[in-house]
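Structural features, examined
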Amino acid sequence: MAIITTTHLSFPPLLSPYPHHQQQHYLKPIPTVSFRSSIRVRAQAGVDMLGDFGARDPFPAEVASGFADKVLGNVDTEHKILIPNISALSLSQQQCTPLSPFQSPMSTTDAQKLLKKVLGWRLLEEEGGLKLQCLWKLRDFKCGVELINRIYKVVEATGHYPNIHLEAPNQVRAEIWTAAIGGLSMNDFIVAAKIDDIKTSDLVPRKRVWA
């Protein structure tokens, strides 16, 4: 769908600095200046409209509101900022929600799609259902303890806790699933994305620099 708006700006005649009786010789009207601008709006259903950083396609609600017809040319134009819905936010920005024990676990197909949005995690298929697992190789045992503390601080507010194992000498293993429904839910991927945001660069083994 394309919407094109046109704006015309008109300037009044320029007044002469000479006395009134001389204005008939020096007053010359300036022709009307017209600027033409156009806005092209594109909306595609089922497409991630945020895209990369920078310009984005309008949300469906914005297109339906006919905002492009109003943004130019009117002094009394009402401007509204529409808040993106939850689906437009990154996983780490979303919050965990209560689940019903009667809710079905996430399918393998849906889990594989969401797996692309979290880094370093993999799917585990076990008898109890699907799980998310992530491994960290750290500098030493002390760094492993520090990582567990950082994970706890991040997930405490969510109320959805992963199983964390500190494996000697320097490995941490985390597994997430929703036991109440016997598999994975959106909450598991939200927690995994929040854990991804934790700084770990000061905990991993230092790279050797060869002369």
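A brief structural summary. Computed from a prediction, not measured in an experiment: that's the story for all the values here. (Residues numbered from 1 in each chain as written. Predicted model: local features only at pLDDT ≥ 70, side-chain atom pairs only at ≥ 80, totals over all residues. Heavy atoms only, no water.)

Right, let's talk about the overall build of the chain for a bit. When helices and strands are counted, the chain shows five helices and four strands. Taken from N to C terminus, the helices and strands of the chain fall in the order α-α-α-β-β-α-β-β-α. Taken across its 211 residues, the chain has 30% of its residues classed as buried. The contacts of the chain with a sequence gap of at least 6 include a subset with a gap of at least 24, amounting to 63%. A total of about 15,200 Å² of accessible surface is found on the chain, and carbon and sulfur atoms cover 57% of it. (Helix = DSSP H or I, 4+ residues; strand = E, 2+ residues; numbered from the N terminus. Buried < 20%, exposed > 50% of the residue type's maximum accessible area, 1.4 Å probe, protein only. Contact = heavy atoms within 4.5 Å. Areas by Shrake-Rupley, 256 points an atom, 1.4 Å probe, with all protein chains shown as cover.)

Moving on, we get to helix α4 (residues 141-155). If you check α4, its first and last C-alpha atoms are 22 Å apart, about what 15 residues at 1.5 Å a residue would give, namely 21 Å. When we look at burial in α4, the residues that qualify are Cys-143, Gly-144, Leu-147, Arg-150, Ile-151 and Val-155. Projected onto a plane normal to the axis of α4, the buried residues spread over an arc of 120 degrees and lie on a single side. Residues of α4 that are exposed and angled more than 90 degrees away from the buried face: Lys-142 and Lys-153. Where α4 is buried, its residues touch β2 (129-137), β3 (163-167), β4 (171-176) and α5 (186-196). Here α4 starts with a cap whose side-chain oxygen sits 3.3 Å from the backbone nitrogen of Lys-142, and that cap is Asp-140. (Expected span 1.5 Å × (residues − 1). Arc of directions from axis to C-beta. Polar contact = N/O pair within 3.5 Å; in protein donor to acceptor, adjacent residues only side chain to side chain.)

So, on to the side chain of Gln-133. Residue placement: Gln-133 occurs in strand β2. Side chain to side chain, Gln-133 and Arg-122 meet in a polar contact 2.8 Å long. Reaching out from Gln-133, the side chain makes a polar contact with the side chain of Glu-175 at a distance of 2.9 Å. Every residue in contact with Gln-133, bar those within four places of it in the chain, is listed here: Gly-120, Trp-121, Arg-122, Leu-124, Arg-173, Ala-174 and Glu-175.

This brings us to the nonpolar core. Counting residues in each nonpolar core, the largest one holds 29 residues, and the members touching the most others are Val-118, Trp-121, Leu-132, Trp-136, Leu-147, Phe-189 and Ile-195. Listing elements by their share of this core, those giving two or more residues are α3 (108-115), β2, α4, β4 and α5. Broken down by element, this core gets its largest block of residues, six residues, from α5. (Core = buried A, V, L, I, M, F, W, Y, C linked by side-chain atoms within 4.5 Å.)

A few words now on the pairing of β4. Summarising burial for β4: six of the six residues are buried, a large majority. Across six bridges, β2 lies against β4 in antiparallel orientation. Residue Trp-136 lies in a different strand from β4, and its bridge partner there is Val-172. (Pairing = 2+ DSSP bridges.)

One pass over the full model with this rule turns up five salt bridges. The partner of Arg-150 in a salt bridge is Glu-146, and the shortest N-O contact between them spans 2.9 Å. Here Arg-150 and its partner Glu-146 are both found in helix α4, four residues apart, which amounts to about one turn of the helix. Residue Glu-146 is classed as partly exposed on the basis of its relative accessible area of 31%. Linking Arg-173 and Glu-175 is a salt bridge whose minimum nitrogen-to-oxygen distance equals 2.9 Å. The exposure class assigned to Glu-175 is buried, which follows from its relative accessible area of 8%. Salt bridges linked by common partners bring Glu-146, Arg-150 and Asp-202 together as one network. (Salt bridge = Lys/Arg side-chain N within 4 Å of Asp/Glu carboxyl O.)

To continue, consider the sheet that holds β3. Taken in spatial order, the four strands of this open sheet run β1-β2-β4-β3, and their pairing is antiparallel. Each edge of the open sheet carries a strand with a single partner, namely β1 (121-126) and β3. Averaged over neighbouring strand pairs, the angle between their axes works out to 25 degrees when direction is ignored. In this structure, β1 lies alongside β2, joined through six bridges in antiparallel fashion. In the strand pairing of β2, Trp-121 is matched with Cys-134. Set on the sheet, α3 makes contact with β1 and β2; between it and β1 the angle comes to about 160 degrees. (Axes fitted to C-alpha atoms, helices over the stretch in contact; angles between N-to-C directions.)

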